[in-house]
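# Remarks on the overall topology
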Amino acid sequence: MILQELAAYYDRRIEGGDDTIPSEGTSEKAIGAAIDLSDWQLGGVPVIRLLGDRSGKKVKPLRMAVPAEIKRTSGVAANFLWDKSAYVLGVKSAGKDPAAGVVPADKEFEAFRQLHADALAGTEDAALQALLAFLGDWTPARAVEAVEQGQIPAEVIDANLIFTYGAGRVPMLHMRRAARRAWDGRRAAVAGGVGRCLVTGDLAPVAKLHPSIKGVRGAQSSGASLVSFNLDAFTSYGKSQGGNAPVSESAAFAYGTILNHLLAPESGHRVQIGDATTVFWTDAPKDADDVAGRLLTNAVSPAYGLMDEPAAEAEAGDDDTPAAKPKIDLRMSDAEAQRVRTALTAIAQGRAIQNVEPELLPDTRLYVLGLAPNASRLAVRFWHQDSLGGFVKRLHQHWRDLRLEPGIDGGRPVSIYALLRALSPQDKVDNLPPKLGGDIMRAVLNGGPYPANMAALALMRMRADGNISALRVAMVKAWLVRAMTLSPEERETRLVSLDLEDKNVGYRLGRLFAVLENLQRKALPGLNATIRDRYYGAASATPASIFPVLIRNSTHHAARLRKNSGGLAVWYDRTIAEVIDGLPSHLPAHLTMDDQGRFAIGYFHQRQTQMQTAPDPVKAAETAEPSEIDDDDQLN
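Throughout this description, residue numbers start from 1 for each chain and increase along the sequence as written. Where totals are concerned, whole chains, interfaces and linings use all residues; where local detail is concerned, this predicted model gives features only for residues with pLDDT of at least 70, and gives and counts side-chain atom pairs only at 80 or more. Each side-chain value is worked out from all heavy atoms of the structure, with water and hydrogens disregarded.

The name given to the protein in an unreviewed UniProt entry is Type I-C CRISPR-associated protein Cas8c/Csd1, with Tistrella bauzanensis as the source organism.

Below is the structure:
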């Protein structure tokens, strides 16, 4: 199914006139220089022209379509009419340090020479004949000497090189008609036997080795296989390599090419979620498909914080200093970033996708593929296909389930990346369990329960660093409401804001803990550590052992407060009595994970209420701001 949809996507892009996708038999590669054979003479050094943008600090090689890259599983194997300098010129770096110099690469150059001697034998094309003459005359030793004498630029060492000849309409050798015919003949000669393709159903030459997939984080930089049979245990019925799951050369090329295109950093269809490198695509026309990819990748994980930085931060300061530019995807223009931000906000507020982006239709098919490294191969972390409208609906529901008032507005699209970062120690997502991001993504895609370890990690981080942040509490709340098996409409109002009628023990104890902490701050201002810093973990897990101590201490805090601000002490007495009224006479020795989550939510709700609707001295205690207290304060 995955290979079928990828191959069909490749055909749609090619048929739609997308010239950025390599046609069959070609690969898009970064080329650093071209060897011009126009005026080359036997015994001489050819002219080499550097290609690409070299105006900045980092060189940007010229990307172009060349004959398809050969898969180097082991040993030495040359590409046709292009390759690294070790193959094309027979010279390579002696080590990672540029000061180490260069050394000859005899085996690589001989493989390159022999390949072209076989594939171009008998050619009558003048340019290809010049190439054969050059390969017959050139030696790796001369290459080393030319580099050391400055006749060959040092920039070409280890770069990809092509050949040019003349200044006509087709100066590049691999683009000439004779070269393309020779390449087609070479591919046919090395193709496997004919078999029934499992992707297309056609009888066609079967691919022995499937293409390497590059761009998956953590996988080999040279690429890893999505389909491979590298051990005898994986084979059956005496078949070898690709014969065990026959896929035609054409289909293998199609899925490999389009998947590499999607995984390219600049594709706009790729995003990293935990250890899963994820790509999105649709069956919409090219322009609409690119818009959908840009929207969805930024919706689930804006790698550069497009949606996690509130737009208000971009406002100019009072002292006429330039406005701080919000962090955006560096591959997007400001106008495009604003368009994505506006569209995602509209989706989060419940608007239909066709009303946000007219070119996107709700019945457009959407495909999501998550890949993770697994030694030299790739593992499918998740695979999901649905209508675009269905996905947007579930994405909207994900944001609604995170809603927390005040704190997380339901109209604010919070990315999965932001959630993972809130859970991670030292703000490093790499410190999280590898599967967590994929598990959360799967819950968003299918609307199912969130993974339990998401809530467990949120609770653990709260206990560890005492930061009861809105995002962490929102994740616990979302996990709880989805576990209740309520309808989406019923989930809209559960655990969103302070509920005075909620009798859950964990929720009530969380509220009580927030009031006791505020009382302590008010009675003993300037403390370096409050009861939250010392007892939050124990209070949320084993309340029977901690709360009697906290309540006993609170009487001392209230007595101290009563000396200077009797009215405020009355407010605390009333609030504590109201919260305790809903608790059992014997507190539980332990709270379950569910109730620990409700403890955090109750604590958060009570604190937010104290910040907004409590008397000013209580608000000041929450925000640790100094405030004058008077007995005549109107305390309710």
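### Notes on the overall build of the protein
Put simply, DSSP H or I for four residues or longer makes a helix, DSSP E for two residues or longer makes a strand, and each gets a number counted from the N terminus. Scanning the protein from N- to C-terminus turns up 22 helices and 16 strands. When accessible area is computed with a 1.4 Å probe and restricted to protein chains, residues below 20% of their type maximum are described as buried, those above 50% as exposed, and intermediate ones as partly exposed. Out of the 636 residues belonging to the protein, those deemed buried represent 49%. Each accessible area is a Shrake-Rupley estimate made with a 1.4 Å probe; only the visible protein chains count as cover when residues are assessed. About 29800 Å² of surface is accessible on the protein, with carbon and sulfur atoms providing 50% of the total.

### Some words on the packing of aromatic side chains
Only rings of Phe, Tyr and Trp enter the pairing, Trp through its six-membered ring, and a pair is recorded when the two centres are within 6.5 Å. The plane angle decides the type: under 30 degrees is stacked, over 60 is edge-to-face, the rest tilted. Going through the model one piece at a time under the given rule, you end up with 19 aromatic pairs. Summarising the aromatic geometry, the rings of Phe80 and Trp183 are spaced 5.4 Å apart at their centres and angled 15° between planes, so their arrangement reads as stacked. Placement of Phe80 in the loop between β4 (62-67) and β5 (82-84) and of Trp183 in helix α6 (residues 177-190) is noted, with a sequence separation of 103 residues between them. Take Phe80 and Trp183: they sit in the same class, and that class is buried.

### A few points about the pattern of salt bridges
Note that side chains of opposite charge can pair when their charged atoms are close. By convention in these notes, a salt bridge is any Lys or Arg side-chain nitrogen within 4 Å of a carboxyl oxygen on Asp or Glu. Tallied over the full model, the rule gives 21 salt bridges. When the shortest N-O distance is used, the salt bridge between Lys92 and Glu108 registers 3.3 Å. Taken together, the residues span a long stretch of sequence, with Lys92 in strand β6 (residues 91-93) and Glu108 in helix α3 (residues 106-119) at a distance of 16 residues. Residue class for Lys92 comes out partly exposed when judged on its relative accessible area of 27%. Of the charged contacts, one joins Lys435 and Asp439 as a salt bridge, the two residues approaching to 3.3 Å between their closest N and O atoms. Residue classification places Lys435 among the partly exposed residues on the basis of a relative accessible area of 44%. Overall, the relative accessible area of 17% leaves Asp439 in the buried class. Connected through shared salt-bridge partners, Arg13, Lys286, Asp289 and Asp290 make up one network.

### Brief notes about helix α18 (residues 531-541)
Buried within α18 are the following residues: Ile531, Arg532, Tyr536, Gly537, Ala539 and Ser540. By definition in these notes, contact holds between two residues if any of their heavy atoms fall within 4.5 Å. Those residues of α18 that are buried are in contact with α14 (452-465), α17 (505-523), α19 (543-564) and α21 (593-612).

### Looking at unusual backbone geometry
Most of the time, phi is negative for any residue but glycine, and the peptide bond is trans. A positive phi angle, close to 70°, is found at Asp158, a residue other than glycine. Topologically, Asp158 is positioned in the loop between α5 (140-148) and β8 (160-164). Phi is positive for Tyr237, close to 55°, though the residue is something other than glycine. With respect to the element layout, Tyr237 can be found in the loop between β12 (224-225) and α7 (249-263). Owing to a relative accessible area of 81%, Tyr237 belongs among the exposed residues under this scheme.

### Let's talk about the pairing of strand β2 (residues 33-36)
Side chains Ala33 and Ile35 of β2 all project onto a buried face; the interleaved residues Ala34 and Asp36 project onto the opposite face, where all are buried too. Relative to strand β3 (residues 47-50), β2 is paired through four bridges, and the arrangement is antiparallel. Across the sheet, residue Ile35 finds its bridge partner in β3, namely Ile48. One bridge is not enough; two strands pair if DSSP finds at least two bridges between them. Relative to β8, β2 runs parallel, the two being bridged by four bridges. Residue Ala34 lies in a different strand from β8, and its bridge partner there is Ile162.

### Focus: empty space enclosed by the protein
The distinction between a cavity and a pocket rests on a 1 Å grid over the protein atoms alone: a 1.4 Å probe fits inside a cavity but cannot get out, while a pocket stays open yet meets protein on both sides within 12 Å along at least five of seven lines, and a residue with an atom within 4 Å of a point counts as lining. Grid points are joined across faces, edges and corners, and a volume is the space filled by probe spheres set on the points. Taken as a whole and assessed by the stated rule, the structure comprises two cavities of 30 Å³ or more. Approximately 40 Å³ is the volume attributed to the largest cavity. Surrounding the largest cavity, Leu516, Gln520, Ile531, Leu550, Asn553, Ser554 and His557 form its lining. Broken down by secondary-structure element, the contributors of at least two residues to the lining of the largest cavity are α17 and α19. Of the residues forming the lining of the largest cavity, the biggest block, four residues, is contributed by α19. Residues that form the lining of the largest cavity fall into these classes: three nonpolar, four polar and no charged. The classification used treats Ala, Val, Leu, Ile, Met, Phe, Trp, Tyr, Cys and Pro as nonpolar, Asp, Glu, Lys and Arg as charged, and all other residues, Gly among them, as polar.

### Examining the nonpolar core
With 85 residues, the main nonpolar core has Met462, Phe513 and Phe547 as its most contacted residues. Counting residues per element, this core draws most heavily on helix α15 (residues 470-483), at nine residues. The residues touching Met462, leaving out its near neighbours within four places in the chain, are Asn467, Ile468, Arg472, Val473, Val476, Tyr536 and Ala600. Put simply, buried Ala, Val, Leu, Ile, Met, Phe, Trp, Tyr and Cys residues joined by side-chain atoms within 4.5 Å make one nonpolar core. With 40 residues, the next largest nonpolar core counts Val91, Phe109, Ala130 and Leu131 among its residues.

### What about the environment of Lys522?
Within the fold, Lys522 resides in helix α17. The exposure class of Lys522 is buried, given its relative accessible area of 12%. Linking Lys522 and Ala620, residues 98 residues apart in sequence, is a C-alpha distance of 8.6 Å.

### Describing the side chain of Ser225
One can find Ser225 in strand β12. Dropping the residues within four chain positions of it, Ser225 is found in contact with Lys71, His210, Pro211, Ser376, Arg377 and Leu378.

### A look at the packing of α3 against helix α4 (residues 126-137)
One can describe the packing of α3 onto α4 by two numbers: an axis separation of 10 Å at closest approach and a directional angle of 145°. Once α3 is placed against α4, the crossing between them reads as left-handed. Residues Phe109, Phe112, Arg113, His116 and Ala117 of α3 form the contact with α4, whose own contacting residues are Leu131, Leu132 and Leu135. When its residues are assigned to classes, the contact of α3 with α4 shows six nonpolar, one polar and one charged. To define axes, lines are fitted to C-alpha atoms, for helices over the stretch in contact only, and angles between the resulting N-to-C directions are given on a 0 to 180 degree scale. Rotating anticlockwise by less than a right angle from the far helix to the near helix defines a left-handed crossing, while the corresponding clockwise rotation defines a right-handed one.

### Examining the packing of α17 against α21
Where α17 meets α21, the axes come as close as 6 Å, and the angle between the chain directions of the two elements is 45°. It follows that α17 is oblique to α21 by the angle criterion. With respect to the hand of their crossing, α17 and α21 are arranged in right-handed fashion. For the pair formed by α17 and α21, the contact residues are Gly506, Tyr507, Leu509, Gly510, Arg511, Phe513, Ala514, Val515, Glu517, Asn518 and Arg521 on the first element and Asp595, Arg598, Phe599, Ile601, Gly602, Tyr603, His605, Gln606, Arg607 and Gln610 on the second. For the contact of α17 with α21, the class distribution of residues is eight nonpolar, seven polar and six charged. Angles below 35 degrees are treated as roughly parallel, those above 145 as roughly antiparallel, those between 65 and 115 as roughly perpendicular, and all remaining angles as oblique.

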